Amino acid sequence: QGQLMESGGGLVQPGGSLRLSCAASGIPSISAMGWYRQVLGKQREHIATITGGKETTYSDSVKGRFTISGDNAKNTVYLQMNRLEPEDTAVYYCKVVRYPLKDYWGQGTQVTVSS
């Protein structure tokens with residue numbers, strides 16, 4: 001079975017930066033990869049997506065601060081997060097889109113922004 005290996009989460013001061021990584025293993029026919037985040041008690045929120053053709057889309061809440069990039073040969077996606085704020089604190093999840101096939105989700109990595 002395919003899996004997603006996420007890394008890069010942690011604790012950072014407001015205004016700081018983190019870079020998340022997500023590598024897909026054993027998953028064929030990937031159309032796009034992206035990042036979502038979720039706070040306990042709230043619904044999961046889309047953050048950014050990148051296609052194999054390097055087209056990107058961002059939510060308004062992170063546009064201008066976060067940058068998504070990918071390495072097609074490695075089936076890996078990155079999320080560079082700059083100017084982090086306490087409101088960015090959440091569990092961040094990697095997603096693989098395989099239109100029109102089944103999608104895959106990572107297990108999540110905690111990002112905490114606190115003074």
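The sections below set out a description of the structure shown in this document.

**With respect to the pattern of salt bridges**
And then number 1: All chains considered together, the criterion is met by 4 salt bridges.
And then number 2: Taking the shortest distance from any N to any O, the salt bridge between R37 and D88 comes out at 2.9 Å. Within this pair, whereas R37 is found in strand β4 (residues 32-38), its partner D88 is found in the loop between β8 (76-81) and β9 (90-97), the two being separated by 51 residues in sequence.
And then number 3: Between K95 and D103 there is a salt bridge, with the nearest N and O atoms lying 3.7 Å from each other.
And then number 4: Exposure remark for K95: the relative accessible area of 14% places this residue in the buried category.
And then number 5: Bridged by salt links that share partners, the residues R37, E45, R65 and D88 form one connected network.

**A word on the nonpolar core**
And then number 1: Of all hydrophobic cores here, the largest spans 27 residues; its most connected members are W35, L79, M81 and Y92.
And then number 2: Elements supplying a minimum of two residues to this core: β3 (18-25), β4, β5 (45-51), β7 (66-71), β8, β9 and β11 (109-113).
And then number 3: If sequence neighbours within four positions are ignored, Y92 has contacts with E6, L20, W35, Y36, R37, I47, F66, L79, M81, G108, T109 and V111.

**Here we look at the environment of R19**
And then number 1: Turning to its location among the elements, R19 is positioned in strand β3.
And then number 2: Sequence separation of R19 and Q80 is 61 residues, and the distance between their C-alpha atoms is 4.4 Å.

**Side note on the state of the cysteines**
Structurally, a disulfide amounts to a covalent bond that connects the sulfur atoms of two cysteines.
And then number 1: Throughout the structure, instances matching the rule amount to 1 disulfide.
And then number 2: There is a disulfide in this structure between C22 and C94, and the S-S distance comes to 2.1 Å. Looking along the S-S bond of the C22-C94 disulfide, the torsion reads about -85 degrees, which is the left-handed sense. Here C94 lies in strand β9 and C22 lies in strand β3, a separation of 72 residues in the sequence. Each member of the pair, C22 together with C94, is buried.

**As for the packing of aromatic side chains**
And then number 1: This structure, assessed with the given rule, holds 1 aromatic pair.
And then number 2: Relative to W105, the ring of Y36 has its centre 4.9 Å away and its plane inclined at 65 degrees; by these criteria the two rings are edge-to-face. Taken together, the residues span a long stretch of sequence, with Y36 in strand β4 and W105 in strand β10 (residues 104-105) at a distance of 69 residues.
And then number 3: Among the residues examined, Y36 registers a relative accessible area of 17% and is labelled buried.
And then number 4: By relative accessible area, which is 37% here, W105 ends up partly exposed.
And then number 5: Note that R44 overlies the ring of W105, its terminal NZ or CZ placed 4.7 Å from the centroid.

Rules and cut-offs
Residues numbered from 1 in each chain as written. Predicted model: local features only at pLDDT ≥ 70, side-chain atom pairs only at ≥ 80, totals over all residues. Heavy atoms only, no water. Salt bridge = Lys/Arg side-chain N within 4 Å of Asp/Glu carboxyl O. Helix = DSSP H or I, 4+ residues; strand = E, 2+ residues; numbered from the N terminus. Buried < 20%, exposed > 50% of the residue type's maximum accessible area, 1.4 Å probe, protein only. Core = buried A, V, L, I, M, F, W, Y, C linked by side-chain atoms within 4.5 Å. Contact = heavy atoms within 4.5 Å. Disulfide = S-S within 2.5 Å. Phe/Tyr/Trp six-rings, centres within 6.5 Å; stacked < 30°, edge-to-face > 60°. Lys NZ or Arg CZ within 6 Å of the ring centre and 35° of its normal.

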